[in-house]
Amino acid sequence: MDRASGYGPEGWEFDSLRARHTNHVLTWSDASACVLSVNFGCSQSGYAPRVTEPDPMRPGCSPPLHFAATHQLSRERWVFVEYLALSGVAFAQPLLDTLGRNANYLVTSGVTVARAIMLIILVCIVPPCVMWACERLSGYAGHRVRFATHQLITCAILIVLFVQVIRRSTSLGANEVIAGAIALGIASTWTLHNWKLSRQFLRYLAWTPLLAAVLFLRFSPATDAIFSKSQPGIKGVRVGAPHRVVFIVLDEMPTRSLLDGKGHVDQQLFPNFAKLEQQSTWYRNSTTVAGYTQGAVPALLTGRTPRSLKTLSTSSEHPGNLFALLENSYSLKVHEAVTRLCPSASCTSFKGAGLSGLLRTSTDLWRTSASPKKRPKISADFDDANASAFALDNATDFVNSINGSAPNHLDFLHVLLPHYPWHYVNTLQGHRATSHSLPGEKYLSPWSPTGAQTARQRHLLQVQATDTLLGQIVERLEDLEAFDDTMLIVTADHGISFSATEPARNVTNTNSADLMWTPLFVKYPNQSAGVIDDRSALSIDVFPTILDVLKIDVPSTVPGADGISLRATARATNERFMYPATGLTDAQANTEFTKLLQSRAVAPNLDAELRIYRDSQLGALIGTRMPTAYRSRDVVTTGAKVNIDNRKAFRSVDRDARNAEWLWSLAEFTNVTAGATAVFTVNDTIAATCTTVRDPGNDVRCSFTVPPSLVADGDNEIAMYLVDDPIRLRFTKIAVT
């Protein structure tokens, strides 16, 4: 025990002085502890400053009554200061630093100054308060327990800190990092307990959270995101030929996903896109200029290529965008999902998951950066999972906001469809599939063969949902009798690749067509017949095309206005570029475009409703009755069994429910090898097939989507089979748990 501290595992404290003081003579359990005199030093639990008090060993020299209370308050204060310092260097500073380097996420999450300050309070103040409260509560079990609790909490925080330090400064493996961090954590805890100077140094570190907060708010890339102010619209802009503009930007939508193998939209799968092909000008040879949303969407709205990965997608960073040009002369109905480019107060932006989402994402970023395992550089562009979950709601709000028949309307929608994660089908019903429950699918990483197939299937189902949404938008315009005079633009920010062993979003020699070529349909005012234009087109050409059609007199100070209109002379070369990736030469672009026109979404099939579902191993069986020989409800004893996570959802099906939990299922197998083919039946009809994969947790799983037409309202009988012989169609029924 530190005799000068008055607090240690023996439980000796100053309030015991008063209890043992009789007739000015104090009796002590430890006579040597009477050296209190005038120096009162640092404790193991809290660091009280030195004070001068009478020596209680002298007769008539008892401590004042307020002495114990004063010491107790001082000691608790230094306990909190210690935790404030430790949590500051281990949690607050790394977390705020990581979040500050992901300023684009702050933009897309709709961060405000108030929300940022609340985040700082939660990150910097709440953790030490919780630690202090835990220690304080442990004191009710005795002084020894509190002393041990303090040491354990201190050691745990130091271990977390040293994990980060060792991982960033060495190339050691995860086990070595953990072992080193534990050793250093224990040694540092012992040093703090026994070395007065180390505790003094810890007090100065208590300023770390405040310093981290200041750096985050005022001196990091996050500063512009937090304190960004909308720029006013550009004055003096004259519209010579006003027409209504309806501008739809889809997300993660490659042109290949629409094609029928003959260079046209697959009318059977995507009837509304096919109808648009017949009514508009389709620029089939159009490519994006950026491989990420925060660069691609501003390029569409400014006619300028991205300048830097650090440029925020805000109106202050892109002051000459389409919204700023039309704000003073047009009625703007703008729905942005990721960017914040519209300067008008009437614009609608996705609000994200609020403060809880901001805290959750920043914590996830810190947890990844603080992991003992070496990981690639992490970032958060936007809360795609949350934004995609509400994509259909945002789109529905947009459709309902389209009103009026006057020409001076701009209706803009950037919707995260058919963007990952995929949980919609053509009926606009959704299910709960998330990035954490898709066996074999590794988004933003090289696909496995099974993962590529299942991911593409879900993607195409969500493209069908997007097609349904497009039909609703066109129908709304027709109901308002505004469709004919409208300039309707339908495009996408970038694509996605489903090539096995290839990454989904990073350009390689074999997936450039999937990532660069995106749909671009432009229905000009009063256009009635479809036109296919295969001239070289870039996404930056959309902005000057709008200016050309509306005959907007743009001030010379607006960059991007001097771009090439799609109605002008063709480009001299077919060269392509996509920031920040490398480009394609003229010859390479011609080759990729030729191959693109020969591709198709899925193989042809007479049954349009089941066509995408059947694009899998033994998929031709989907929709057929299970052979009579295998319909017995008796389970063959093989030792294999399967747990279907949503099996209860099939007992109370509502086919009209928007959230249809029976649409998507996750199956986990026991005593089944990876690579096996499984068949799922509903009411003795084959509803899905899947190939089992072994996930990182060593579980054998597969997932599948059930066509809505193959379930009945109410209770449904389900079963699972393993395919023993895919040629002779021999099955083994297994137990469903």
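Residues numbered from 1 in each chain as written. Predicted model: local features only at pLDDT ≥ 70, side-chain atom pairs only at ≥ 80, totals over all residues. Heavy atoms only, no water.

## Section: the pattern of salt bridges
Opposite charge on two side chains permits pairing when their charged atoms draw close. Keep this limit in mind: A pair is scored as a salt bridge if a Lys or Arg side-chain nitrogen falls within 4 Å of a carboxyl oxygen belonging to Asp or Glu. Each helix corresponds to a stretch of at least 4 residues labelled H or I by DSSP, and each strand to a stretch of at least 2 residues labelled E; elements are numbered beginning at the N terminus. Relative accessibility decides the category of a residue: with a 1.4 Å probe and only protein chains considered, values under 20% of the type maximum give buried, values over 50% give exposed, and everything between is partly exposed.
Tallied over the entire structure, the rule returns 18 salt bridges. The partner of Glu76 in a salt bridge is Arg136, with the nearest N and O atoms 2.9 Å apart. Taken as a pair, Glu76 in helix 2 (residues 66-100) and Arg136 in helix 5 (residues 126-138) lie far apart in primary sequence, 60 residues in all. Judged by relative accessible area, which is 32%, Arg136 ranks as partly exposed. Put simply, Arg146 and Glu76 hold a salt bridge, and the shortest N to O gap is 2.8 Å. A residue pair is termed long-range when its members are at least 10 positions apart, and Arg146 in helix 6 (residues 143-169) and Glu76 in helix 2 qualify at 70 residues. For the residue pair Arg146 and Glu76, the accessibility class agrees, reading buried in each case.

## Observations concerning the confidence of the model for the chain
As a reminder of what qualifies: The pLDDT value expresses, per residue, how confident the predictor is, ranging between 0 and 100. The contact criterion used throughout is that any non-hydrogen atoms of two residues lie within 4.5 Å.
On average, the chain scores 82 in pLDDT, and the residues at 70 or more come to 84%. Throughout residues 1-63 the model reports pLDDT below 50, and contacts reaching past four residues in sequence, or to other chains, amount to 132 contacts.

## Digging into the packing of helix 16 (residues 391-401) against helix 17 (residues 449-479)
The following threshold applies: Axes here mean lines fitted to C-alpha atoms, for a helix over just the part in contact, with angles spanning 0 to 180 degrees between N-to-C directions. Should an angle fall under 35 degrees it is taken as roughly parallel, and over 145 as roughly antiparallel, whereas 65 to 115 is taken as roughly perpendicular and any remaining angle as oblique. Crossings are classed by handedness, with left-handed meaning an anticlockwise turn of the near helix from the far one by less than a right angle and right-handed meaning a clockwise turn. Polar here means any residue outside two lists: the nonpolar Ala, Val, Leu, Ile, Met, Phe, Trp, Tyr, Cys and Pro, and the charged Asp, Glu, Lys and Arg; Gly therefore counts as polar.
At their nearest, the axes of helix 16 and helix 17 sit 9 Å apart, and the two run at 10° to each other. By the criterion of interaxial angle, the relationship of helix 16 to helix 17 is roughly parallel. The crossing of helix 16 and helix 17 is right-handed. Counted together, Ala395, Phe398, Val399 and Asn400 of helix 16 and Leu469, Gln472, Ile473 and Arg476 of helix 17 form the full contact between these two elements. Taken together, the residues that form the contact of helix 16 with helix 17 break down as five nonpolar, two polar and one charged.

## Digging into the state of the cysteines
Two cysteines, two sulfur atoms, one covalent bond between them: this is a disulfide. This is how the line gets drawn: A pair of cysteine sulfur atoms is labelled a disulfide when the two atoms are within 2.5 Å.
Under the definition given, this model contains one disulfide. Here Cys690 connects covalently by a disulfide to Cys702, the sulfurs 2.1 Å from one another. Highlighted residues: Cys690 in strand 20 (residues 685-691) and Cys702 in strand 22 (residues 700-705), separated in sequence by 12 residues. Across the pair, exposure class does not vary: Cys690 and Cys702 are buried alike.

## Comments concerning a nonpolar patch on the surface
Just so we agree on the cut-off: What goes into a patch is any residue over 30% in relative accessible area without a salt bridge, connected to like charges within 9 Å or, for nonpolar side chains (Val, Leu, Ile, Met, Phe, Trp, Tyr), within 5 Å. Each accessible area is a Shrake-Rupley result for a 1.4 Å probe, and residues are judged covered by the shown protein chains and nothing else.
Taken together, the side chains of Val113, Ile117, Met118, Ile121, Ile125, Val126, Val130 and Phe227 make up a nonpolar region of the molecular surface, amounting to roughly 580 Å² of accessible area. Counting only elements with at least two residues in the nonpolar patch, the list comes to helix 4 (113-124) and helix 5. Broken down by element, the nonpolar patch gets its largest block of residues, four residues, from helix 4. A relative accessible area of 39% places Met118 in the partly exposed class.

## Some points on helix 8 (residues 196-204)
As a reminder, the rule being used: Each C-beta atom gives one direction from the helix axis, and the arc is the one those directions make.
Taken as a whole, helix 8 has its buried residues at Ser198, Arg199, Leu202 and Arg203. Down the axis of helix 8, the buried set is contained in an arc of 150°. They therefore lie on one face. Of the exposed residues in helix 8, the ones pointing more than 90 degrees away from its buried face are Leu197, Phe201 and Tyr204.

## Description of empty space enclosed by the protein
If a probe as big as a water molecule is rolled over the atoms, it shows which places are left empty. Let me state the cut-off plainly: Only protein atoms enter the 1 Å grid used here, on which a cavity is any set of points holding a 1.4 Å probe that cannot leave and a pocket is any open set flanked by protein within 12 Å on both sides along at least five of seven lines; residues with an atom within 4 Å of a point are listed as lining. Grid points are joined across faces, edges and corners, and a volume is the space filled by probe spheres set on the points.
Scanning the entire structure with this criterion turns up nine cavities of 30 Å³ or more. Considering only enclosed or pocket space, the largest cavity measures out at about 160 Å³ in volume. Around the largest cavity, the lining comprises 17 residues; the ones closest to its centre are Thr454, Gln457, Ser616, Thr689 and Cys690. Counting only elements with at least two residues in the lining of the largest cavity, the list comes to helix 17, strand 20 and strand 22. The dominant element in the lining of the largest cavity, judged by the number of residues it contributes, is helix 17, at five residues. Residue composition of the lining of the largest cavity, by class: five nonpolar, 10 polar and two charged.

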